[in-house]
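What the coordinates show
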Amino acid sequence: MRLLVTGGAGYVGSVCSHVLVEAGHEVTVLDDLSTGNRGAVPEQAKLVVGDIDDSADEVLAGGDFDGVLHFAARSLVGESVEKPDVYWHHNFVSTLKLLDAMRAHGVNSLVFSSTAATYGEPAEVPITEDFPTAPTNPYGATKLAIDHLITSYAAAFGLGATSLRYFNVAGAHGAVGESREVETHLIPLVLQVALGQREKIFIFGDDYPTEDGTAVRDYIHIRDLADAHLLALTTNEPGRHRIFNLGSGDGYSVRQVIETCREVTGHPIPAEVAPRRAGDPAVLVASSERIKEELGWNPTRTDLPRIVADAWAFTKDLDAAAYRAGKA
Ligand code: UFG
């Protein structure tokens with residue numbers, strides 16, 4: 001298939017682009033490189049540097065595309081609370097423009113990168129797709145609004161679409177992985193401590209109602225996540241919008257993640273308890289039964305030691321500046 005991947009220089013978008021290329025698809029990446037890495041884009045893909053507002057219409061007009069995988073977004077919860085305008089413009093308004101450009105140019109298949117943040121603080125776990133959606137921050141609200149937008153475009157205009165609601169994505173696909181100028185995620189930060197780039201890791205809260213008092217999350221391997229995108233893409237049906245959760249069904253506490261990183265890296269990784277981070281739910285664990293049943297998704301790499309080992313193999317050899325500049 002001929003595919004447009006927005007945000008294909010970012011972490012999830014770039015791994016998916018590689019997996020799409022490896023599966024024989026023809027990929028064009030549209031990315032403004034504001035947070036992405038030029039070196040993460042597959043050599044076989046065409047890279048268009050630009051944002052959706054300025055470039056999506058032009059790219060889609062000239063491409064005869066079969067589908068779009070839409071990753072480009074702002075995705076930091078804390079930042080979204082401070083700058084909701086940026087999030088509504090970058091996430092919601094840009095996606096509206098993308099969908100209108102797809103319609104204008106007869107591109108009828110979409111896979112959208114949604115998030116567990118659409119559910120907010122769940123009353124219980126595991127979270128199924130039937131749970132109420134009550135985002136607790138503008139980031140989750142923009143992604144939920146986009147899900148609604150897609151549903152209405154599927155119903156009215158025949159768009160075939162799948163939203164994938166990721167829980168905590170980690171790991172790497174060989175030499176393609178997680179590297180950001182501003183890092184906030186637990187596993188890459190812990191690995192930076194192991195590398196000596198940081199002195200210690202702060203544990204944000206040890207007074208949660210969990211077994212060891214630290215917050216519990218559901219970690220999914222990036223490569224299994226990419227497989228789900230391929231499955232979604234190849235099974236999209238015109239006029240239908242499907243929503244699937246993507247996680248492992250298992251929860252790990254912050255302390256358990258740090259301990260696993262110690263075991264994998266052989267580094268002591270000093271840790272210090274700090275206050276809770278605003279807006280963090282205590283426990284987020286996904287039920288991914290629906291995508292397993294309906295699409296036959298079969299995650300084979302999603303266990304925490306494997307996830308950390310792959311992330312570590314990527315991180316310890318990384319020249320972040322070269323990766324960003326595309327000179328690796
Ligand atoms: N944490 C620490 N110390 C750190 C960084 C994180 O203790 O230095 C904790 C967090 O407080 C949280 C857990 O580690 O309890 C995981 O935090 P991450 O930042 O790695 O991931 P989040 O669970 O906050 O975020 C993920 C996705 C978001 C999504 C969110 C839904 O990355 O895109 O889940 O709540 F919005």
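Residues numbered from 1 in each chain as written. Predicted model: local features only at pLDDT ≥ 70, side-chain atom pairs only at ≥ 80, totals over all residues. Heavy atoms only, no water.

With that settled, the discussion passes to the sheet that holds strand 3 (residues 46-49). Taken together, seven strands build an open sheet; the order of strands is 3-2-1-4-5-6-11 and the sheet is parallel. Looking at the sheet topology across the chains shown, the edges are occupied by strand 3 and strand 11 (241-246). On average, each strand axis in the sheet is inclined to that of its neighbour by 20°, with strand direction left out of account. Where strand 1 (residues 2-6) lies against strand 4 (residues 67-70), four bridges are found, and the strand directions are parallel. (Pairing = 2+ DSSP bridges. Helix = DSSP H or I, 4+ residues; strand = E, 2+ residues; numbered from the N terminus. Axes fitted to C-alpha atoms, helices over the stretch in contact; angles between N-to-C directions.)

Moving on to the UniProt feature "domain: NAD-dependent epimerase/dehydratase" (unreviewed entry) in the protein. Taken from the UniProt record, the annotation "domain: NAD-dependent epimerase/dehydratase" (unreviewed entry) applies to residues 4-247. Secondary structure content for residues 4-247 is 38% helix and 20% strand, while the C-alpha to C-alpha distance between its ends is 25 Å. (UniProt positions renumbered as here; feature names shortened; annotations may be inferred.)

Glancing now at the environment of Ala175. Following the sequence through the fold, Ala175 ends up in the loop between strand 7 (168-170) and helix 6 (186-194). Residue classification places Ala175 among the exposed positions, given a relative accessible area of 64%. For the pair Ala175 and Pro275, spaced 100 residues apart in sequence, the C-alpha to C-alpha distance is 35 Å. Non-local contacts of Ala175, meaning those with residues more than four positions away in its chain, are made with Phe314 and Tyr323. (Buried < 20%, exposed > 50% of the residue type's maximum accessible area, 1.4 Å probe, protein only. Contact = heavy atoms within 4.5 Å.)

Following the criterion strictly, the structure yields 21 salt bridges and no others. For Asp130, the salt bridge goes to Arg290, with nearest N and O atoms at 3.0 Å. Taken together, the positions of Asp130 in the loop between strand 5 (109-115) and helix 5 (138-157) and Arg290 in helix 9 (residues 289-295) put the pair 160 residues apart, joining distant regions of the chain. We classify Asp130 as exposed; its relative accessible area is 64%. What makes Arg290 partly exposed here is its relative accessible area of 26%. Note that Asp206 is salt-bridged to Arg255, the shortest N-O span being 3.7 Å. Placement of the pair is Asp206 in the loop between strand 8 (201-204) and strand 9 (216-217) and Arg255 in helix 8 (residues 254-265), with a sequence separation of 49 residues. The class of Arg255 is partly exposed, set by a relative accessible area of 34%. (Salt bridge = Lys/Arg side-chain N within 4 Å of Asp/Glu carboxyl O.)

On to the packing of aromatic side chains. Per the counting criterion, the structure on display carries four aromatic pairs. An angle of 85° between the planes, with centres 4.9 Å apart, marks the rings of Tyr153 and Phe157 as edge-to-face. You can see Tyr153 and its partner Phe157 sitting in helix 5, four residues apart, about one turn around the helix. Classification of Tyr153 as buried rests on a relative accessible area of 12%. Between the aromatic rings of Phe314 and Tyr323, the centroid separation amounts to 5.5 Å while the plane-to-plane angle is 65°, which identifies the pairing as edge-to-face. By relative accessible area, Tyr323 is classed as buried at 3%. The positively charged end of Arg165 is found above the aromatic ring belonging to Tyr119, 5.1 Å away from the centroid. (Phe/Tyr/Trp six-rings, centres within 6.5 Å; stacked < 30°, edge-to-face > 60°. Lys NZ or Arg CZ within 6 Å of the ring centre and 35° of its normal.)

Let's shift gears to the pairing of strand 8. Of the two faces of strand 8, the one holding Ile201 and Ile203 is buried and the one holding Phe202 and Phe204 is not buried anywhere. Where strand 8 meets strand 13 (residues 271-274), four bridges bridge the pair, whose relative direction is parallel. In the sheet register, Phe204 faces strand 13, and the bridge partner there is Ala274.

On to helix 10 (residues 304-316), then. Between its first and last C-alpha atoms helix 10 spans 18 Å; for 13 residues at 1.5 Å apiece the expected length is 18 Å, and the two agree. Those residues of helix 10 not exposed but buried are Leu304, Ile307, Val308, Asp310, Ala311, Trp312, Phe314 and Thr315. (Expected span 1.5 Å × (residues − 1).)

Moving on to the packing of helix 1 (residues 11-22) against helix 7 (residues 222-235). Packing of helix 1 against helix 7 brings their axes to within 9 Å, and their N-to-C directions diverge by 65°. Considering how the two elements wind past one another, helix 1 and helix 7 form a crossing that is right-handed. Here helix 1 contributes Tyr11, Val12, Val15, Cys16, Val19 and Leu20 to the contact with helix 7, which in turn contributes Ile222, Arg223, Leu225, Ala226, Asp227, His229, Leu230 and Leu233. Here the residues of the contact of helix 1 with helix 7 sort into eleven nonpolar, one polar and two charged. (Left-handed = near helix turned anticlockwise from the far one by under 90°. Nonpolar A, V, L, I, M, F, W, Y, C, P; charged D, E, K, R; others polar.)

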